[in-house]
Amino acid sequence: MYTLITGLYKQWTQKEEFYVIILGLDNAGKTTLLERIKSIYLGVAGLPPEKIAPTVGLNIGKVEINNTRLNFWDLGGQRELHSIWEKYYSECHAIVFVVDATDKERIEEVKETFETVITNDTVEGVPVLMLANKQDVPSALKVHEIKEIFNPIALRLGARDSKVLPVSALKGDGVQEAVDWLFVRLQRNRTNRPPIFRN
Ligand SMILES: Nc1nc2c(ncn2[C@@H]2O[C@H](COP(=O)(O)OP(=O)(O)OP(=O)(O)O)[C@@H](O)[C@H]2O)c(=O)[nH]1
Ligand SMILES: [Mg+2]
């Protein structure tokens, strides 16, 4: 009886948690995105954009949606920091890859980096959301242009869920839609990457 009650109690009180890593080149807007997510879902003002410095370590944001916790890990995008990304692959449930859609000069570098990430065996089957960021800038590449550029690599995504969505991390446009997409895919991929249960 006691174990039944404690079992039920655990079931009611334990929370499902998923881990989402935010990757992309330096200056893509990853930390700005994280601060935007925090401000939308926690209802508190995030760090103002002018206070956001290039990331060297790790920024963490925890938000709760439908009694499920999403933990966002925002990693530094500078080249010498890319080797750190792999350390988070085995534990992550989804990848958000942020692209600076205004920076056409670095698009080749973005392609190479993206391909290296998605072909890593440790993240096989993990949903990948690419965000075409800085859409508030009129000259930014649109989603259909980004898709054309990344089409040759798309085959390497395999059978996993993937999507390209437009956002402006700075203004907040599209951010909620992006998180909604993630939420559904995390649930859909739960047999492959089960959530963590915590009290
Ligand atoms: N116009 C515009 N600027 C943005 C947007 N998102 C980020 N930025 C700017 O882009 C610059 C870099 O933003 P960060 O969020 O620090 O970029 P990051 O990807 O975290 O960079 P690292 O930490 O070095 O990897 C800052 O000047 C931001 O204000 C956006 O949606 N629109
Ligand atoms: Mg950053």
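Structural data are supplied above this passage.
Residues numbered from 1 in each chain as written. Chains lettered and ligands numbered in written order. Predicted model: local features only at pLDDT ≥ 70, side-chain atom pairs only at ≥ 80, totals over all residues. Heavy atoms only, no water.

### Notes on a nonpolar patch on the surface
Here is the rule: Here, patches come from residues exposed beyond 30% relative accessible area and free of salt bridges, joined within 9 Å for like charges and within 5 Å for nonpolar side chains (Val, Leu, Ile, Met, Phe, Trp, Tyr). Values of accessible area rely on a 1.4 Å probe in the Shrake-Rupley scheme; residue burial ignores everything except the protein chains shown. Just to be clear on terms, a salt bridge is a Lys or Arg side-chain nitrogen sitting within 4 Å of an Asp or Glu carboxyl oxygen. Labels follow the DSSP assignment, with helices taken as runs of H or I lasting at least four residues and strands as runs of E lasting at least two, numbered in each case from the N terminus. Only protein chains enter the area calculation, which uses a 1.4 Å probe; residues under 20% of their type maximum are buried, those over 50% are exposed, and those in between are partly exposed.
Nonpolar side chains collect at one region of the surface, where Leu-4, Leu-8 and Trp-12 lie side by side and expose about 360 Å² of accessible area between them. Tracing the sequence through the fold places Leu-8 in helix 1 (residues 2-13). With a relative accessible area of 33%, Leu-8 lands in the partly exposed category.

### Side note on the site of ligand 1
For clarity, the threshold we go by: Here a residue counts as near a molecule or strand whenever at least one of its heavy atoms sits within 4 Å of it. Whenever a nitrogen or oxygen atom comes within 3.5 Å of another N or O atom, the pair is scored as a polar contact, on the condition that within protein one atom can donate a hydrogen and the other can accept it, and that pairs from neighbouring residues in sequence are kept only if both atoms are in side chains. By the convention adopted, Pro, Cys, Tyr, Trp, Phe, Met, Ile, Leu, Val and Ala count as nonpolar, Lys, Arg, Asp and Glu as charged, and the other residues, Gly among them, as polar.
Neighbouring residues of ligand 1: 20 residues in total, closest Lys-30, Thr-32, Thr-55, Gly-77 and Asp-136. At a separation of 2.6 Å, an oxygen atom of ligand 1 approaches a polar side-chain atom of Thr-32. The backbone of Ala-169 places a nitrogen or oxygen atom 3.0 Å from an oxygen atom of ligand 1. Compared with its free state, where it exposes 650 Å², ligand 1 has 84% of that area covered by protein. The element best represented in the shell around ligand 1 is helix 2 (residues 30-42), accounting for 3 residues. Split by residue class, the shell around ligand 1 holds 7 nonpolar, 9 polar and 4 charged.

### A short note on the side chain of Glu-16
Defined as follows: Here, residues are in contact when the closest pair of their heavy atoms is within 4.5 Å.
Counting through the fold element by element, Glu-16 comes out in strand 1 (residues 15-23). Among the polar contacts made by the side chain of Glu-16, one reaches the side chain of Arg-190 at a distance of 2.9 Å. Apart from residues no more than four positions distant in its own chain, Glu-16 is found in contact with Asn-67, Thr-68, Arg-69, Gln-187, Arg-190, Pro-195, Ile-196 and Phe-197.

### Things to note about the pairing of strand 6 (residues 162-166)
For the record, the criterion: Pairs of strands are assigned from DSSP output, requiring at least two bridges between the strands. By convention, a crossover is right-handed whenever its connection, traced from the first strand over the helix to the second and viewed with the strands pointing away, goes clockwise.
As paired strands, strand 5 (residues 128-133) and strand 6 are joined by 5 bridges and run parallel to one another. If you follow Leu-131 over to strand 6, its bridge partner there is Leu-165. Regarding the hand of the β-α-β motif, the stretch spanning strand 5, helix 5 (residues 143-154) and strand 6 is right-handed.

### Details of the side chain of His-93
Residue placement: His-93 occurs in the loop between helix 3 (82-85) and strand 4 (94-100). A distance of 2.9 Å separates the side chain of His-93 from the backbone oxygen of Pro-194, its partner in a polar contact. Those residues within four positions of His-93 in sequence are excluded, and the remaining contacts are Glu-17, Phe-18, Tyr-19, Val-126, Pro-127, Leu-186, Asn-189, Arg-193, Pro-194, Pro-195 and Ile-196.

### Notes on the coordination of the magnesium ion (ligand 2)
Using the following cut-off: Metal-coordinating donors are taken as N, O and S atoms lying within 2.8 Å of the metal, or within 3.2 Å when the metal is Na, K or Ca; because water is left out, some sites can appear incomplete.
At 2.0 Å from the magnesium ion (ligand 2) lie its protein donor atoms, namely Thr-31 (OG1) and Thr-55 (OG1). Taken as a pair, Thr-31 in helix 2 and Thr-55 in the loop between helix 2 and strand 2 (58-65) lie far apart in primary sequence, 24 residues in all.

### Considering the nonpolar core
Where we set the bar: As used in this record, nonpolar core signifies buried Ala, Val, Leu, Ile, Met, Phe, Trp, Tyr and Cys residues forming a set joined through side-chain atoms within 4.5 Å.
Among the nonpolar cores identified, the biggest contains 32 residues, and Ile-21, Leu-23, Ile-95, Phe-97, Phe-114, Met-130 and Ile-146 are the most heavily contacted of them. Within the residue set of this core, elements represented by two or more residues are strand 1, strand 3 (68-75), strand 4, helix 4 (107-118), strand 5 and helix 5. In terms of residues, this core owes the most to one element, helix 4, which gives 5 residues. Ignoring any residue separated from it by four or fewer positions in sequence, one finds Phe-97 in contact with Leu-23, Gly-24, Val-110, Thr-113, Phe-114, Val-117, Leu-129, Met-130 and Leu-131. Of all hydrophobic cores here, the second largest spans 26 residues; its members include Val-20, Ala-28, Phe-72 and Trp-181.

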